[in-house]
Amino acid sequence: NKNTSYGSESVGYITSSRNYTLTCSGSGGSASDSVSVYVSSAPYYPPTQTGSLSVSKMVKNLSDGTYFGKSVLADPSEVIAFQIQVTAGNSYLSNVIVRDSLPNYLSFKGNLQVNGVYSGGSITSGLSIGDLSAYQTKTITFETVLAGSGSFGVGQTRLINTAQAYSGSISNSDTADVVVVKGTG
């Protein structure tokens, strides 16, 4: 029988919210009190990323059945497909985002895919392609359609299409060209 009017108890590290009840008993009876301890997650500070990524942008004319290349000839109103390959350098990259800035006279048509799997995201506002392991490549493809003949003057109009990929502060970009040819007829 100790006559103690104070004390302490250690419960170790608390990793989740808990309720604790302290009960003291003695010759005069007992008394209890409870306390709730709420544990919230600590703020997450992602590690500073180092490394690199490369972007390769290609284009083909689906209406004419051409192959992917850096530049393609097209007539107004034709369907043009783009391919963007994003490759991590020698280190892991988290939450890689790919964005394609479509130039005027070129509208997104659909068929957006990442590694051959359809995606419901938006390539023009920023498409998350997830994480990339060192040297891993992911391929994004999608289709666009050129504006009608009334939007172009006679001759050639060069449209430069830019794709950018980034992960944190690491980014890179590449371009592909569509040369729209409009005759006098």
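The structure reproduced in this document is the subject of the present report.

1. Overview of the pairing of strand β4 (residues 71-74)
Here is step 1: Side chains Val72 and Ala74 project from β4 onto a buried face, and the interleaved Ser71 and Leu73 project onto a face without burial.
Here is step 2: Here β4 runs beside strand β12 (residues 170-182); their pairing, made up of 4 bridges, is parallel. Counted as the bridge partner of Ala74 is Val180 from β12.

2. A short note on the sheet that holds strand β6 (residues 93-101)
Here is step 1: Reading across from one edge, β4-β12-β11-β6-β9 is the order of the 5 strands in this open sheet, with mixed pairing throughout. With partners counted over all chains shown, the strands left at the sheet margins are β4 and β9 (127-132), one partner each. Between one strand axis and the next, the sheet turns by 25° as a mean value, whatever way the strands run.
Here is step 2: Here β6 pairs with β9 via 4 bridges, running antiparallel. Along β9, the bridge assignment pairs Val98 with Leu127.

3. Remarks on the sheet that holds strand β7 (residues 106-114)
Here is step 1: The strand order β3-β5-β10-β7-β8 describes an open sheet built from 5 strands, whose pairing is antiparallel. Every interior strand has two partners, whereas the edge strands, β3 (53-61) and β8 (117-118), have only one.
Here is step 2: Across 9 bridges, the pairing between strand β5 (residues 79-88) and strand β10 (residues 137-146) is antiparallel. The residue bridging Val79 from the neighbouring strand is Val145, located in β10.

4. Examining the pairing of β7
Strand residues, when the strand is regular, have side chains that alternate between the two faces of the sheet.
Here is step 1: With 6 bridges connecting them, β7 and β10 associate as antiparallel partners. Following the sheet pairing, Phe108 is matched in β10 by Thr144.
Here is step 2: Of the pairings in the sheet, the one linking β7 to β8 comprises 2 bridges and is antiparallel in character. When the sheet's bridge partners are listed, Val114 is paired in β8 with Val117.

5. As for the nonpolar core
Here is step 1: The biggest cluster of nonpolar side chains holds 32 residues, and the ones touching the most others in it are Ile84, Val86, Ile140, Leu146 and Val178.
Here is step 2: A total of 5 residues in this core trace back to one element, the largest contributor, which is β5.
Here is step 3: When sequence neighbours within four positions are dropped, the list of residues in contact with Ile140 reads Phe82, Gln83, Ile84, Val86, Val98, Leu112, Gln113, Val114, Ile123, Leu127 and Ile129.

6. Observations regarding the environment of Lys182
Here is step 1: Looking at the secondary structure, you find Lys182 in strand β12.
Here is step 2: Here the alpha-carbon distance between Lys182 and Phe152, two residues 30 residues apart in the chain, equals 6.9 Å.
Here is step 3: Of the polar contacts made by the side chain of Lys182, one reaches the backbone oxygen of Ser149; its length is 3.0 Å.
Here is step 4: A polar contact is formed between the side chain of Lys182 and the backbone oxygen of Phe152, at a distance of 2.9 Å.

7. Here's the deal with the side chain of Gln113
Here is step 1: Note that Gln113 resides in strand β7.
Here is step 2: Overall, Gln113 belongs to the buried group, its relative accessible area being 14%.
Here is step 3: Among the polar contacts made by the side chain of Gln113, one reaches the side chain of Asn111 at a distance of 2.9 Å.
Here is step 4: If we skip the residues at most four places from it in the chain, Gln113 touches Tyr118, Ser119, Thr139, Ile140 and Thr141.

8. Here we look at the packing of aromatic side chains
Here is step 1: This model, assessed by the stated rule, comprises 3 aromatic pairs.
Here is step 2: When the ring of Tyr105 is compared with that of Phe152, the centres are 5.2 Å apart and the planes differ by 55°; the resulting orientation is tilted. Here Phe152 lies in the loop between β10 and β11 (155-167) and Tyr105 lies in the loop between β6 and β7, a separation of 47 residues in the sequence.
Here is step 3: Assessed through its relative accessible area of 39%, Tyr105 is described here as partly exposed.
Here is step 4: One aromatic cluster is present, formed by Phe82, Phe108 and Phe142 through successive ring pairs.
Here is step 5: A cation sits over an aromatic face here: Lys57 above Phe82, 4.5 Å from the ring centre.

What counts and what doesn't
- Residues numbered from 1 in each chain as written.
- Predicted model: local features only at pLDDT ≥ 70, side-chain atom pairs only at ≥ 80, totals over all residues.
- Heavy atoms only, no water.
- Buried < 20%, exposed > 50% of the residue type's maximum accessible area, 1.4 Å probe, protein only.
- Helix = DSSP H or I, 4+ residues; strand = E, 2+ residues; numbered from the N terminus.
- Pairing = 2+ DSSP bridges.
- Axes fitted to C-alpha atoms, helices over the stretch in contact; angles between N-to-C directions.
- Core = buried A, V, L, I, M, F, W, Y, C linked by side-chain atoms within 4.5 Å.
- Contact = heavy atoms within 4.5 Å.
- Polar contact = N/O pair within 3.5 Å; in protein donor to acceptor, adjacent residues only side chain to side chain.
- Phe/Tyr/Trp six-rings, centres within 6.5 Å; stacked < 30°, edge-to-face > 60°.
- Lys NZ or Arg CZ within 6 Å of the ring centre and 35° of its normal.

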